[in-house]
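Coordinate inspection notes
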Amino acid sequence: MKKTSLLILTLMCMTTWMYGQKKSTDSNRPALVVGIVVDQMRYDYLYKYADRYSNNGLKRLMREGMNCQDNHYNYAPTVTAAGHASVYTGTVPAVHGIVGNEWTDVATGKKVYCTDDSTVNTVGTTGKTGFMSPKNMWTSTITDQLKLAQNFKSKTIAIALKDRGAILPGGHSADGAYWYDSKEGRWITSSFYMQSLPRWVQTFNAEQRAQKYTKAGWNTLYPINTYTSSGPDDSPYESKMAGETAPIFPHTLQGGNPLELIRTSPYGNTLTKDFAIQAMTEEKLGKNGTTDFLAVSFSSTDYVGHSFGPQSIELEDTYLRLDQDIAEILTYLDKNYGKDQVLVFLTADHAVADVPGYLNSHKMPGGVFDRVKAMSEIKKATQEAFGQTDLIIGEDNSQLYFNKAVLAKMNIDREKLIQVVKQTLKKQAGFQELVDLQHIEGSTLNNLYTTIIRNGYNPDRSGDVMILLKPQWFIGYKTGTTHSTLYAYDTHVPLLFYGWKVKPSEVTERTSISDISTTLANWLHCMEPSGSIGQVIPLKR
Ligand SMILES: [Zn+2]
């Protein structure tokens with residue numbers, strides 16, 4: 001009797017042990033991975049507005065997650081398309097090919113948009129806004145690799161107001177990538193993914209939420225005098241919204257097409273959050289017995305940031321509201337999966353400069369480079385030196401593309417042309433260096449900057465020379481701000497991991513944007529993307 005009991009007990013223990021083993025094998029991956037990219041989010045925004053973030057949003061990710069505090073882009077130009085491609089491919093423009101939002105086709109001199117694809121059609125509306133696919137991206141993404149690892153049985157859905165913010169993260173094998181069309185305020189896609197919108201997307205569009213959100217206009221979430229992290233509301237460093245005479249609250253959002261203006265308001269993010277939650281519910285993400293992937297990017301932070309800058313009440317309000325949207329997503333994940341069955345990461349596609357005029361008002365250096373004058377002076381100088389004005393056929397991402405055909409035909413020495421351009425630019429305020437992109441090793445810049453430039457250079461798609469301005473100088477406008485440089489204010493972005501297997505920790509060692517997909521591949525036990533150059537960030541337990 002005693003022996004039998006012992007046997008039963010042993011068997012029970014064995015079963016429990018075996019079940020435990022099996023369970024841990026099955027739990028090798030979470031039910032759902034959620035990638036969040038906040039467009040134009042600087043690292044310091046995690047802290048700058050923290051006093052008034054809720055307990056359940058960004059602060060929860062910081063408190064309960066792994067906070068990589070010194071995470072940087074490792075290439076320039078730091079712009080949206082390159083950023084989204086790099087987060088998800090674990091590599092740099094030199095390898096994945098997305099060297100900017102657009103670039104010049106070296107053969108024809110024509111502009112190419114990063115996700116242009118004339119072989120596909122718009123799905124969900126009329127017009128060309130859906131002539132898009134990821135075909136210009138030469139490598140796979142972590143979203144592709146996770147599908148590959150699961151015999152394409154899992155699902156990937158990618159969502160952003162900006163087409164490039166959805167298409168590039170979704171990779172080549174996404175089940176759906178959706179972006180926003182402001183003509184009728186709809187979420188659309190392209191025939192690359194499907195021939196017609198799923199019924200749930202049609203239903204969502206029919207609800208006309210964009211129209212409803214913009215109707216009330218945009219006022220601050222809290223009384224305006226409590227926005228003490230920002231400058232005055234009426235500031236000479238901010239741009240005006242369409243139809244407005246001053247950059248001040250309340251913004252009516254009625255001065256132009258409200259369905260377009262929603263982008264430059266926190267409601268663009270809220271609309272994105274609504275759609276993302278609907279996608280998780282309707283597509284039953286994480287409920288299919290596989291590890292699914294939701295890639296969501298919040299674009300409105302970029303539109304608001306460009307118009308009003310980092311010191312504006314508009315940006316502060318946008319982040320306070322984004323925090324609430326993120327809290328709602330985390331609450332949804334809690335309710336439907338549990339924290340240990342989801343893996344969330346949050347980062348940004350680039351950061352942003354301060355408004356130069358604002359810095360000047362506080363005696364700090366910076367300025368707006370007079371691009372129009374620079375280009376006309378270059379034209380004059382090349383006419384004088386070579387008798388030619390058409391030696392430059394393209395200008396993108398602070399790079400100049402030389403007209404190789406004319407250079408060859410007229411037997412013009414490339415080196416001599418570079419010297420003429422450089423001497424001309426040297427006369428202009430804000431100019432630092434003209435970098436010959438074909439001979440980056442010949443530059444006198446420090447190692448970090450030469451690496452950043454080399455990582456962003458792709459001979460098939462990049463220009464011949466890069467105009468490097470002094471820190472806090474940019475090509476743009478006197479009001480608002482922009483990004484794209486190799487300087488830390490453009491490269492330093494948040495990186496937070498949260499949920500499945502992640503313990504609260506802070507990483508102060510420098511990490512790079514390439515590490516994100518490599519780290520996810522390691523944790524999810526799949527191969528890293530095809531062009532990956534990142535390293536695994538050690539999981540602190
Ligand atoms: Zn931007």
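Residues numbered from 1 in each chain as written. Predicted model: local features only at pLDDT ≥ 70, side-chain atom pairs only at ≥ 80, totals over all residues. Heavy atoms only, no water.

You can see Thr481 is positioned in the loop between strand 17 (473-475) and helix 19 (488-491). Residue Thr481 is classed as buried on the basis of its relative accessible area of 5%. One polar contact links the side chain of Thr481 to the main-chain carbonyl oxygen of Ala353, over a distance of 2.8 Å. When residues no more than four places from it in sequence are discounted, the contact partners of Thr481 are Gly305, His306, Gly309, Pro310, Val352, Ala353, Asp354, Val355 and Phe474. (Helix = DSSP H or I, 4+ residues; strand = E, 2+ residues; numbered from the N terminus. Buried < 20%, exposed > 50% of the residue type's maximum accessible area, 1.4 Å probe, protein only. Polar contact = N/O pair within 3.5 Å; in protein donor to acceptor, adjacent residues only side chain to side chain. Contact = heavy atoms within 4.5 Å.)

Another point: the pairing of strand 14 (residues 399-402). On strand 14, burial covers both faces: Gln399 and Tyr401 on one face and Leu400 and Phe402 on the other are all buried. Summarising the sheet, strand 13 (residues 392-396) and strand 14 pair through 4 bridges and their orientation is antiparallel. Following the sheet pairing, Ile392 is matched in strand 14 by Phe402. Linking strand 13 to strand 14, which pair antiparallel, is a turn of 2 residues; within it Asn397 sits at a positive phi near 55°. (Pairing = 2+ DSSP bridges.)

A few words now on the coordination of the zinc ion. Taken together, the protein donors to the zinc ion comprise Asp302 (OD), Asp302 (OD), His306 (NE2) and His483 (NE2), at separations of 2.1 to 2.6 Å. Its 4 donor atoms give the zinc ion angles of 53 to 157° at the centre, a pattern that matches the irregular case. One chain supplies every donor to the zinc ion, and in sequence these donors are spaced D-x3-H-x176-H. Highlighted residues: Asp302 and His306, both in helix 12 (residues 300-308), separated by 4 residues, approximately one helical turn. Assessed through its relative accessible area of 24%, His306 is described here as partly exposed. (Donors = N, O, S within 2.8 Å, 3.2 Å for Na, K, Ca; no water. Tetrahedral: all angles 85-135°; square planar, octahedral: opposite > 155°, others 65-115°.)

To continue, consider the layout of surface pockets. Size it by volume and the largest pocket reaches roughly 930 Å³. In this structure, the largest pocket is lined by 36 residues; those nearest its centre are Asn397, Ile475, Thr482, His483 and Ser484. Among the elements that make up the lining of the largest pocket, the one with the highest residue count is strand 16 (residues 465-469) (4 residues). Residues belonging to the lining of the largest pocket are distributed by class as follows: 14 nonpolar, 14 polar and 8 charged. (1 Å grid on protein atoms, 1.4 Å probe; cavity = no way out; pocket = protein on both sides within 12 Å on 5 of 7 lines; lining within 4 Å. Points joined across faces, edges and corners; volume = space filled by probe spheres on them. Nonpolar A, V, L, I, M, F, W, Y, C, P; charged D, E, K, R; others polar.)

This next bit is on the side chain of Arg321. You can see Arg321 is positioned in helix 13 (residues 313-336). A relative accessible area of 15% means that Arg321 is categorised as buried. Within polar-contact distance, the side chain of Arg321 engages the backbone oxygen of Asn219 at 2.6 Å.

A separate point is the nonpolar core. Core analysis: the biggest nonpolar cluster contains 121 residues, and Ile159, Tyr178, Trp187, Met280, Leu333 and Phe497 have the highest contact counts within it. Considering every element that reaches this core, the biggest residue donor is helix 13, with 10 residues. Leu407, Leu425, Leu434 and Val465 belong to the second-largest nonpolar core, a separate cluster that totals 23 residues. (Core = buried A, V, L, I, M, F, W, Y, C linked by side-chain atoms within 4.5 Å.)

A side chain of one charge can pair with a side chain of the opposite charge when the charged atoms of the two come close. Inspection of every chain in the model, using the stated rule, returns 27 salt bridges. We note a salt bridge from Arg60 to Asp334, for which the minimum N-O separation is 2.8 Å. Remark: Asp334 occurs in helix 13 and Arg60 occurs in helix 3 (residues 58-64); sequence separation between them is 274 residues. A residue is classified by how much of its surface remains accessible, and Arg60, at 10% relative accessible area, is buried. A salt bridge links Asp464 to Lys404; the shortest N-O distance between them is 3.3 Å. Residue Asp464 is found in the loop between helix 18 (447-456) and strand 16, and its partner Lys404 is found in helix 16 (residues 404-409); the two are separated by 60 residues along the sequence. Three or more residues joined by partner-sharing salt bridges are found here, namely Arg60, Arg63, Glu64, Asp334 and Lys339. (Salt bridge = Lys/Arg side-chain N within 4 Å of Asp/Glu carboxyl O.)

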